[in-house]
Amino acid sequence: MDLENQRRVKEIAEKNGAENVIVVLGGAEAEAAGLAAETVTAGDPTYAGPLAGVQLGLAVYHIFELKDHVDAGVYDEQISMMEMVLDVDAITAEVSGMRKAHSKYGQ
Amino acid sequence: MLKGKKVVILGDRDGVPGPAIEECVKSAGGDVVFSVTECFV
């Protein structure tokens, strides 16, 4: 995950309280989405950025997992096309696995 | 679930871009505090 984005996420969690923050991902590949989920929960696995060793434990979801929580018309318009071309099962399995293992605030 | 939460969006240029996720989050009452579209290439 981009180092500048790590810095921003850390800053937002500190300012608002980690329990009030939700991270929503749009990653195209399971591995990259999983790495981003790991970074905002357990810390930067590459130990390169501001979240190295920082376990924010944020609630993190891929947008595909939030289908039932957003407006159906908006989802259909904005997301459904990518839902058809990407490997939804692999992406959601990876992100939810990271969340269940490391998140303090997401289920 | 998103209502009243501070939402950070990490979109992907080759997947779902930030602005598309933003529209969804706003429709669910989430407060978007940061939105970016990353490029992994």
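In this text, all values refer to a predicted model and were calculated from it rather than measured experimentally.

Student: Explain helix α1 (residues 3–16) of chain A to me, and be specific about the residues and the numbers.
Tutor: Helix length check: α1(A), at 14 residues, gives a terminal C-alpha distance of 20 Å against a target of 20 Å (1.5 Å per residue), a fit within 8%. Residues A:N5, A:Q6, A:V9, A:I12 and A:A13 constitute the buried set of α1(A). Taken end-on, α1(A) shows its buried residues confined to a sector of 130°, consistent with a single buried face. Across α1(A) from its buried face, at more than 90 degrees, point the exposed residues A:E4, A:E14 and A:K15. For α1(A), the elements touching its buried residues are β1 (21–25) and α2 (30–41) of chain A together with β1 (6–12) and β2 (31–38) of chain B. One or two steps after α1(A), the chain reaches A:G17, where phi turns positive at roughly 90°.

Student: Summarise the environment of A:T39; cite the residues concerned and give the values.
Tutor: Residues and elements named next belong to chain A. Relative to the helices and strands, T39 is located in helix α2. Between the C-alpha atoms of T39 and D68, which are 29 residues apart in sequence, the distance is 25 Å. Beyond its immediate chain neighbours, meaning those up to four positions away, T39 contacts M1, Q6, D44, P45 and L51.

Student: A description of the interface of chain B and chain A should follow, citing residues and the corresponding values.
Tutor: Between chain B and chain A, the residue contacts involve 27 residues of the former and 28 residues of the latter. Among the secondary structure elements, those contributing two or more residues to the side of chain B that touches chain A are β1, α1 (18–27) and β2 of chain B. Class assignment for the residues of the side of chain B that touches chain A results in 17 nonpolar, four polar and six charged. The pairing of β1(A) with β1(B) spans five bridges and is parallel. Directly across from A:L25, in β1(B), lies its bridge partner B:L10.

Parameters and conventions
- Residues numbered from 1 in each chain as written.
- Chains lettered and ligands numbered in written order.
- Predicted model: local features only at pLDDT ≥ 70, side-chain atom pairs only at ≥ 80, totals over all residues.
- Helix = DSSP H or I, 4+ residues; strand = E, 2+ residues; numbered from the N terminus.
- Expected span 1.5 Å × (residues − 1).
- Buried ≥ 20, exposed ≤ 12 C-beta atoms within 10 Å, placed from the backbone.
- Arc of directions from axis to C-beta.
- Contact = placed C-beta atoms within 7 Å.
- Nonpolar A, V, L, I, M, F, W, Y, C, P; charged D, E, K, R; others polar.
- Pairing = 2+ DSSP bridges.

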